[in-house]
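Structure assessment
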Amino acid sequence: MASEAPPPSSPSEPLERWNDALTALQLLQLDPHGFGGVCLRAPHGPVRERWLQALAGLGIGLVKVPGSVDSERLLGGIDLAHTLQTGQLHLQAGLLQQADQGLVCLPMAERLAPVLLAPLVQALEQGQVPPTRHSAAPTPTRFGVVALDESLPDESGVGAALAERLGVWLDLNELSPTDIHAAWQGDSESDGLQIRLSPGALVRAREQLPQVQASDEHMQALCAAALGLGIGSLRVPSLALRVACGHAALNGRSTLDADDLGFAARCVLAPRATQWPAEPSAQEAAPEQQEDTTPPPDPPESPEDSGEAPENEAEADNTQDPGPPPEQNTEPSAEDLQEMMVAAALASLPPHMLDALMTRQGAASHNTSGRSGQTRAGSQRGRPLPPRPGRPGGQARLHVLATLRAAAPKQRLRQAHNTGRVAIRAEDFHIQRYQQRASSCLILALDASGSAALQRLAEAKGAVELLLQQSYARRDSVCIVAFRGAQAQLLLPMTRSLVRAKRAMTGLPGGGGTPLALALKMAHEQAAQLQRQGVTPILVVLSDGRANVTLQGLGGRAQAQLDAQSWGQQWRASGHRALWIDTSMHPDAQAQQLAATMGASYLPMPQVQSQRMAHAIERVRRPQA
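Treat the numbers as computed from the prediction; the structure is a model and nothing was measured.

Let's shift gears to the overall build of the protein. Secondary structure summary: the protein contains 25 helices and 18 strands in total. The buried share of the protein, taken over its 625 residues, is 46%. Counting only carbon and sulfur atoms, one obtains 51% of the accessible surface of the protein, whose full area is about 31,500 Å².

Put into structure tokens, the structure is as follows:
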């Protein structure tokens, strides 16, 4: 029988979380590009600055890539200043080539443009810079990435393509300088750990890394733990195994143990979790119960019970002393390792993570934008995008610098006589581009039927007030649809007025049937109208899902459910986000089925709480990485 694995340490303590962050620095020294790198989520402040100071003191080549860099500076291209000065074409190495065998630091990585993110991910994945128009062959380079995520809670993080390839994820948002002050008192360069490895220790760790062995049970436990946490990518268990092996090599071990797997679970698996681990099903628990209820075999009959006396004292002693028990296998099984890693991952999750995991799934399945609505390309205003070749005219404006950059290498060919003027052709024209974000509108469908309607409406009113207070900076609005009896009514058209929202919900009566299909139909119509106005709709349904009124306003539970399913499918086809808050006392199968049909996030909330409801809606608003 396998022994139980030791309980993992809880990284919820500030000191232990800070130790994990410093251990990640040691892994960067040992294997800078073997596990992709580190994604650090932390705001500007002393905690992040101390971690970055420790990173700069490791002696690893560190190349910073600002968000304003262009593709030629990132991948290599024309040295414009030298080319204009000499009149001859000169090329320069890109930042990714300069970071070979080192690290690439990305400040504000969440704002990195897709046109730069794609070649960066390709170079990180393939170990070479893709060819450009100035270089026909790819350039080999190996580097790790340190992505600094400075996004706010209601903003998207680092792009999914890059974040998936970064092994270690760190979150230092909850740490304060006082939390780590005691750890830095003893040594200004360490936190109880020797952050910068000595040359001899680094050589020994690198020699030990290829010799670290992982058994089939270890790999099976990593994959099972990732599957239990809802991680679908096979790249993640592979990165977790690489991180665990690096952690073992740092500690001079040739085989993985619980500490190595626990660190990988906390820093690789837990931040990527998308669901709460499921409890064992009744079918799985039944065989175990049958095994446990099997009566043990009868013990052998002693001489005293049989009425026979032992022939001598030696025989009596041998009868009473059966000898030492046989040695048992003390190696933990794959199930024990999986339970240990899942426990370590759950211990590292922040509070209220369950709601976030449940609401993230439905929101991630849609391609709409987040807190500020859909993105659209424009040519007049918005966030600047990299210029592209094109002819100016109408609303398209000429990008002067990009046009001169394109014309500079061709001046000697175009000028037969040196006239001192720059020769520009139509093929050199580049135009400016901008990215605009449309505002979003929250369509709140309130179930005003039943005896608990008054309580639901009171809490929903509090949630709407909280949302409206936060919507002014985002230029977002709220639309309320109430349904009860045999009809659904537009209680409040699209507005950002807190006074109007309070006044509209104050006089709403409760009770009657549940015309859920009519409510979904009206919400769909409002969403189509908002879409035509350039506003991104987001639907939140507050109901138990027990529809009993058809589209014609007649009774009939079966037909009412079919009508609701039909309009739920139409909402899913529209591609807009949705959140279903189940208000029944226990999670209802009908509500879960309707939420799945709509492609909505599902969140059971028997006792509606305005603050919790507002947080859940905000998680659906924000874009998913």
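Counting buried residues in helix H12 (residues 258–269) gives 11 out of 12 residues, a clear majority hidden from the surface. Taken together, the buried positions of H12 are Ala258, Asp260, Leu261, Gly262, Phe263, Ala264, Ala265, Arg266, Cys267, Val268 and Leu269. The backbone nitrogen of Asp259 has a side-chain oxygen 3.2 Å away, supplied by the residue at the start of H12, namely Asp257.

All right, on to the environment of Ala558 then. Secondary-structure assignment places Ala558 in helix H23 (residues 557–574). Separated by 10 residues in the primary sequence, Ala558 and Asn548 place their C-alpha atoms 7.6 Å from one another.

With 8 of 8 residues buried, strand E13 (residues 440–447) is to be regarded as a mostly interior element. Pairing of E13 with strand E16 (residues 536–543) involves 7 bridges; the strand directions are parallel. What sits directly across from Ile443, in E16, is Leu539. Relative to strand E14 (residues 477–484), E13 is paired through 7 bridges, and the arrangement is parallel. When the sheet's bridge partners are listed, Leu442 is paired in E14 with Val478.

With that settled, the discussion passes to the sheet that holds strand E1 (residues 37–41). Spatial ordering of the open sheet is given by E2-E5-E8-E1-E9, a layout of 5 strands whose pairing is parallel. For this open sheet the edge positions go to strand E2 (62–64) and strand E9 (168–171), each flanked by a neighbour on one side alone. Adjacent strand axes in the sheet meet at a mean angle of 20° when their direction is disregarded.

Once that is clear, we can look at helix H6 (residues 114–126). Along its 13 residues, H6 runs 18 Å from first to last C-alpha, staying within 8% of the 18 Å computed at 1.5 Å per residue. Within H6, burial applies to Leu116, Leu117, Pro119, Leu120, Val121, Ala123 and Leu124. Packing partners of the buried residues in H6 comprise helix H3 (71–75), helix H5 (95–98), strand E5 (102–106), strand E6 (128–129), strand E8 (143–149) and helix H7 (160–163). Where H6 terminates, the next one or two residues include Gly127, which has phi positive at roughly 75°.

A grouping of Leu398, Val400, Leu404, Val422 and Ile424 is seen on the molecular surface, where their side chains present a nonpolar patch of about 390 Å² in accessible area. Turning to its location among the elements, Val400 is positioned in helix H18 (residues 400–407). You can call Val400 exposed: its relative accessible area is 52%.

Okay, the nonpolar core next. Note that soluble globular proteins tend to have their nonpolar side chains buried in a common cluster. Counting 60 residues, the largest nonpolar core has Trp18, Leu25, Leu28, Trp51, Leu55 and Leu170 as the members making the most contacts within it. Those residues in contact with Leu25 that sit more than four places away from it in its chain are Trp51, Ala54, Leu55, Leu58 and Ile195. By size, the runner-up hydrophobic cluster in this structure holds 32 residues, among which are Ala488, Leu518, Met522 and Trp571.

This part takes up the side chain of Gln526. Position of Gln526 among the secondary structure elements: in helix H22 (residues 516–532). Residue class for Gln526 comes out buried when judged on its relative accessible area of 16%. Among residues more than four places away in sequence, those in contact with Gln526 are Ile443, Cys479 and Leu490.

This part covers the pattern of salt bridges. Applying the stated criterion across every chain, the model contains 13 salt bridges. In this structure, the salt-bridge partner of Arg41 is Asp149, at a minimum N-O distance of 2.7 Å. Within this pair, whereas Arg41 is found in strand E1, its partner Asp149 is found in strand E8, the two being separated by 108 residues in sequence. Judged by relative accessible area, Asp149 falls into the buried class, the value being 4%. Across the pair Arg111 and Glu110 runs a salt bridge whose closest N-O atoms are separated by 4.0 Å. Of the residues examined, Arg111 reaches a relative accessible area of 39% and is grouped as partly exposed. On the accessibility criterion, Glu110 (14% relative accessible area) is buried.

The side chains of a regular strand alternate, first on one face of the sheet and then on the other. What you see with E9 is a clean split: Val168 and Leu170 sit on the buried side and Trp169 and Asp171 on the side with no burial. Pairing analysis gives 4 bridges linking E1 to E9, with the strands arranged parallel. Paired with Leu40 across the bridge in E9 is Leu170.

Turning to the environment of Ala614, a few remarks are in order. Counting through the fold element by element, Ala614 comes out in helix H25 (residues 610–621). Judged by relative accessible area, which is 3%, Ala614 ranks as buried. Residues Ala614 and Glu465, spaced 149 residues apart in sequence, show a C-alpha to C-alpha distance of 9.2 Å.

Definitions and cut-offs
Residues numbered from 1 in each chain as written. Predicted model: local features only at pLDDT ≥ 70, side-chain atom pairs only at ≥ 80, totals over all residues. Heavy atoms only, no water. Helix = DSSP H or I, 4+ residues; strand = E, 2+ residues; numbered from the N terminus. Buried < 20%, exposed > 50% of the residue type's maximum accessible area, 1.4 Å probe, protein only. Areas by Shrake-Rupley, 256 points an atom, 1.4 Å probe, with all protein chains shown as cover. Polar contact = N/O pair within 3.5 Å; in protein donor to acceptor, adjacent residues only side chain to side chain. Pairing = 2+ DSSP bridges. Axes fitted to C-alpha atoms, helices over the stretch in contact; angles between N-to-C directions. Expected span 1.5 Å × (residues − 1). Contact = heavy atoms within 4.5 Å. Patch = residues over 30% accessible without salt bridge, like charges linked within 9 Å, V, L, I, M, F, W, Y side chains within 5 Å. Salt bridge = Lys/Arg side-chain N within 4 Å of Asp/Glu carboxyl O. Core = buried A, V, L, I, M, F, W, Y, C linked by side-chain atoms within 4.5 Å.

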